Amino acid sequence: MRLPRFALLGLWLLALAAGAAWLHGHLRVQTEMTVFLPPSATPAQRLLVGQLREGVVSRLMLIEMAGATAPELARASRALAQRLRESGLFSSVANGDLAAMAAERDLILAHRYLLSPAVQAERFSAAGLAAALQESLELLASPAGALLRPSIPLDPTGELRELSRLMLPSDGPQLRHGVWFGRDGSSALLVAETRAPGFDVEAQARAAAAVREAFAASGVACCGAIALAGPGVFAVQMRDAIEAESWRLSLAAAVLVLLILAAAYRSAAAVGVCALPVATGLLVGVAAVALGFGSVHGITLAFGATLIGEAVDYPSYLLTSAAPGEPLERTLERMGGTLRLAVLTTIFGAAAMAFSSFAGLAQLGVLTIAGVAAAGLATAWLLPALLPASAIRLKTRGLPPLLTPLLARIPGPARWVAAAVLLAAAAGFIASRQDRLWDDDLANLSPLPEAAKALDRRLRGELGAPDVRYLLVARAADREAALQASEAAARWLQDRVQAGTLAGFDVPSSYLPSQRTQAARRAALPDAATLERNLAAALKGSPFRAGTFAPFLRDVARARGGVLLEAEALAGTALGLKLSGLLVREGEGWAALAPLRGVADGAGLSREARAAGFELLDLKEESNRLVSGYRDQSLWLFALGFACIAALLALSLRSATRTARVLLPVAGAALLDVALLLLMGRALTLFNLVALLLVIGVGLNYALFFERPQAEGDERARTRLAVAVCAASTLAVFGCLMLSQTPVLRAIGETVFFGCLLAAALSAAFAGGYTRKSQ
């Protein structure tokens with residue numbers, strides 16, 4: 001029994017509401033950009049993705065305070081650092097105030113003879129101790145003498161000073177009023193390391209909010225300003241930008257499409273019913289991604305706006321193709337095969353994305369397939385049942401034939417010759433740009449403004465923070481061997497620093513020397529009797545009293561008889577977190593990572609590193625190689641998808657000529673689209689490739705409806721109207737995406753906008769179509 005119209009509408013709306021309620025409770029939106037990285041295939045690429053997600057550089061937050069006097073900024077720096085340490089969100093907060101790092105200071109003090117690279121037997125001889133005491137006297141007479149006086153009895157050999165030089169970059173910030181300042185002295189600087197990894201955007205947002213709240217409570221917020229930079233900060237900014245754009249673009253696209261439909265149908269009922277397949281497609285598409293992937297990326301949601309332009313095509317084809325007074329059931333019988341083929345070709349085009357191992361593209365593919373299928377089914381099931389013929393009696397009867405005034409004066413064969421010349425020129429232009437065809441730089445996909453990137457570069461230079469680009473990698477079978485490899489890398493890198501090809505570096509063995517090295521340093525410590533004798537000899541003629549260095553004698557004896565330092569002893573300290581970020585498991589082995597600063601010649605350093613048995617990982621180059629490799633794979637998927645579409649059309653149309661008339665205008669539009677983008681100065685990315693799949697899917701719809709058997713006169717006019725309404729809806733949606741600040745969305749918008757415009761024009765220009773007698 002057929003349900004009454006209002007009952008069917010009510011049940012469908014109830015189902016949509018239930019689905020929306022489920023999504024509201026279960027939808028998890030993520031904005032981690034590594035989802036839009038291809039899967040890593042090599043050890044270097046796996047290490048790259050791991051560092052982008054969880055590495056030490058991904059957790060750094062760079063902080064600058066300015067706009068107040070230096071003493072005020074110094075007080076604010078100490079207050080800010082203290083509040084951040086107490087928040088529990090940061091594993092370490094450094095601002096140059098050594099007095100605030102109690103846990104790290106105590107650990108270094110207790111194990112200084114195992115940690116210091118300067119520990120050698122000669123250092124504790126009579127001559128070595130005499131030289132150390134003389135250096136201590138000179139330091140006591142310097143302006144820093146008051147600060148060093150308490151440490152002299154504990155550390156006459158200066159191991160603590162040695163470790164401070166080792167762990168603080170020489171090219172780092174200036175120390176003023178006891179905290180870090182920029183080189184010009186106008187801003188106070190801090191560097192914080194979040195406990196949460198860089199990919200945890202919610203945790204990074206809480207950390208950034210905590211910094212701003214602490215600054216507001218510091219007392220200088222009224223006259224000062226704070227600036228934050230770093231991967232986590234930028235991830236939060238990107239999330240906010242993507243979410244804001246998702247709503248804004250979807251709303252703008254929906255309004256434009258509604259205006260187009262209102263102008264075409266002149267009926268609120270018809271426009272309202274057309275919204276049902278769109279809402280169904282969006283809901284089903286997002287739910288399919290949420291169920292299949294566990295979460296939905298913000299870019300996928302923003303991409304969902306494209307479904308508005310695609311899903312609204314199916315009711316538009318049905319309504320505009322209906323003859324005056326014709327029930328929609330009859331219209332569906334007449335054109336249902338073409339409509340079904342239009343849905344299937346779009347699904348086939350998106351399958352290349354859905355079956356991709358690239359999670360970000362797979363989400364876009366699943367969204368498109370599920371959404372388009374649901375919209376097509378809703379069109380077939382709902383519209384004939386809900387909308388009587390009288391509801392569209394006021395619709396526009398037709399449009400002037402697309403391009404007819406021009407094409408009527410051009411014989412058919414001449415059109416094909418002109419098209420062949422145009423396409424040959426486009427192909428030649430693309431071939432001439434072969435070396436500049438693709439853009440594999442992931443940085444160009446970031447929606448961050450250039451000002452934010454410039455701030456990050458400046459603060460990174462001021463603080464001497466590691467670059468986010470270069471990592472030296474030393475691999476080994478176990479942790480101890482990796483630490484030994486780290487020590488060898490440190491010696492090799494120090495030679496590069498002295499040669500001027502490198503500004504600085506950080507290695508895990510600075511925070512935990514290998515057991516072999518620790519044992520050698522412990523063995524270099526003299527026994528108690530020998531040390532007392534050497535110290536007594538060194539004190540002759542010295543102003544120091546004999547009993548001053550009892551703490552020194554005690555600590556050396558304790559270190560000589562103590563156990564070696566293990567990684568577990570560093571747990572809960574900033575040193576432990578640094579170690580965990582630089583010494584990582586890699587499959588069944590371990591990798592020691594050395595972030596580098598100020599690399600002058602990456603290619604040259606890479607060659608030298610390979611010769612020395614290390615690997616220099618250029619994160620930018622490796623990410624480009626990762627994207628390039630996946631791009632080649634995607635091109636094969638693109639070709640496979642197009643071949644499947646061609647096979648489907650050939651089976652459905654049962655005519656090579658008709659299949660060619662459908663495929664060639666769309667393929668030509670894709671080729672001209674690429675040439676136009678290159679002419680505009682755009683280099684192609686993976687996402688332009690995704691967009692070309694959409695161009696083919698949507699463009700085939702235009703060609704199919706022009707090719708559909710139809711009578712001359714009113715029926716052809718209605719076909720032109722259908723294609724015009726659908727093309728206008730598509731152009732409106734993707735025109736909105738062209739205004740996006742997110743490069744991914746903007747690239748998709750530009751590609752589909754121009755591609756669909758070209759596809760509509762070429763499909764109209766070369767439409768064949770069987771002619772039936774009017775009925």
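1. Let's talk about the pairing of strand β6 (residues 187-194)
No. 1: Within β6, eight of the eight residues are buried, which leaves it mostly tucked inside the rest of the structure.
No. 2: Across the two faces of β6 the burial is the same, with Ser-187, Leu-189, Val-191 and Glu-193 and Ala-188, Leu-190, Ala-192 and Thr-194 all buried.
No. 3: Here strand β3 (residues 90-94) pairs with β6 via four bridges, running antiparallel. Bridging from a neighbouring strand, Val-93 pairs with Ala-192 of β6.

2. Describing the packing of aromatic side chains
No. 1: Within the structure shown, the criterion is met by six aromatic pairs.
No. 2: Ring geometry for Phe-124 versus Phe-552: centroids 6.5 Å apart, planes at 10°, classification stacked. Taken together, the residues Phe-124 in the loop between α5 (112-115) and α6 (126-140) and Phe-552 in helix α23 (residues 550-561) connect sequence positions 428 residues apart. When sorted by exposure, Phe-124 lands in the same class as Phe-552, which is buried.
No. 3: In this structure an aromatic cluster arises from ring pairing among Tyr-113, Phe-124 and Phe-552.
No. 4: Just above the ring of Trp-492 sits the side chain of Arg-496; from NZ or CZ to the centre is 4.7 Å.

3. Looking at the packing of helix α14 (residues 313-321) against helix α29 (residues 714-737)
No. 1: Between α14 and α29, the least distance of the axes is 8 Å, while the angle of their chain directions is 155°. Here α14 lies roughly antiparallel to α29, going by the angle between them. Along this stretch, α14 crosses α29, giving a crossing that reads as right-handed. Packed against α14, whose contacting residues are Asp-313, Ser-316, Tyr-317, Thr-320 and Ser-321, the element α29 presents Arg-718, Leu-721, Ala-722, Val-723, Val-725, Cys-726, Ser-729 and Thr-730 at the interface.
No. 2: Among the residues forming the contact of α14 with α29, the class breakdown is six nonpolar, five polar and two charged.

4. Structural notes on a nonpolar patch on the surface
No. 1: On the surface, a cluster of nonpolar side chains totalling about 370 Å² of accessible area is made up of Leu-251, Val-255, Leu-256 and Leu-259.
No. 2: Its location among the elements puts Leu-256 in helix α10 (residues 231-265).
No. 3: The exposure class assigned to Leu-256 is partly exposed, which follows from its relative accessible area of 35%.

5. Structural notes on the side chain of Ser-763
No. 1: Residue position: Ser-763 is located in helix α30 (residues 743-765).
No. 2: There is a polar contact of 2.7 Å between the side chain of Ser-763 and the backbone oxygen of Ala-759.
No. 3: Filtering out sequence-adjacent residues up to four positions away, Ser-763 remains in contact with Pro-665, Gly-699, Tyr-702, Ala-703 and Phe-706.

Procedures and definitions
- Residues numbered from 1 in each chain as written.
- Predicted model: local features only at pLDDT ≥ 70, side-chain atom pairs only at ≥ 80, totals over all residues.
- Heavy atoms only, no water.
- Buried < 20%, exposed > 50% of the residue type's maximum accessible area, 1.4 Å probe, protein only.
- Helix = DSSP H or I, 4+ residues; strand = E, 2+ residues; numbered from the N terminus.
- Pairing = 2+ DSSP bridges.
- Phe/Tyr/Trp six-rings, centres within 6.5 Å; stacked < 30°, edge-to-face > 60°.
- Lys NZ or Arg CZ within 6 Å of the ring centre and 35° of its normal.
- Axes fitted to C-alpha atoms, helices over the stretch in contact; angles between N-to-C directions.
- Parallel < 35°, antiparallel > 145°, perpendicular 65-115°, else oblique.
- Left-handed = near helix turned anticlockwise from the far one by under 90°.
- Contact = heavy atoms within 4.5 Å.
- Nonpolar A, V, L, I, M, F, W, Y, C, P; charged D, E, K, R; others polar.
- Patch = residues over 30% accessible without salt bridge, like charges linked within 9 Å, V, L, I, M, F, W, Y side chains within 5 Å.
- Areas by Shrake-Rupley, 256 points an atom, 1.4 Å probe, with all protein chains shown as cover.
- Salt bridge = Lys/Arg side-chain N within 4 Å of Asp/Glu carboxyl O.
- Polar contact = N/O pair within 3.5 Å; in protein donor to acceptor, adjacent residues only side chain to side chain.

What is shown is where atoms sit, not what they do.
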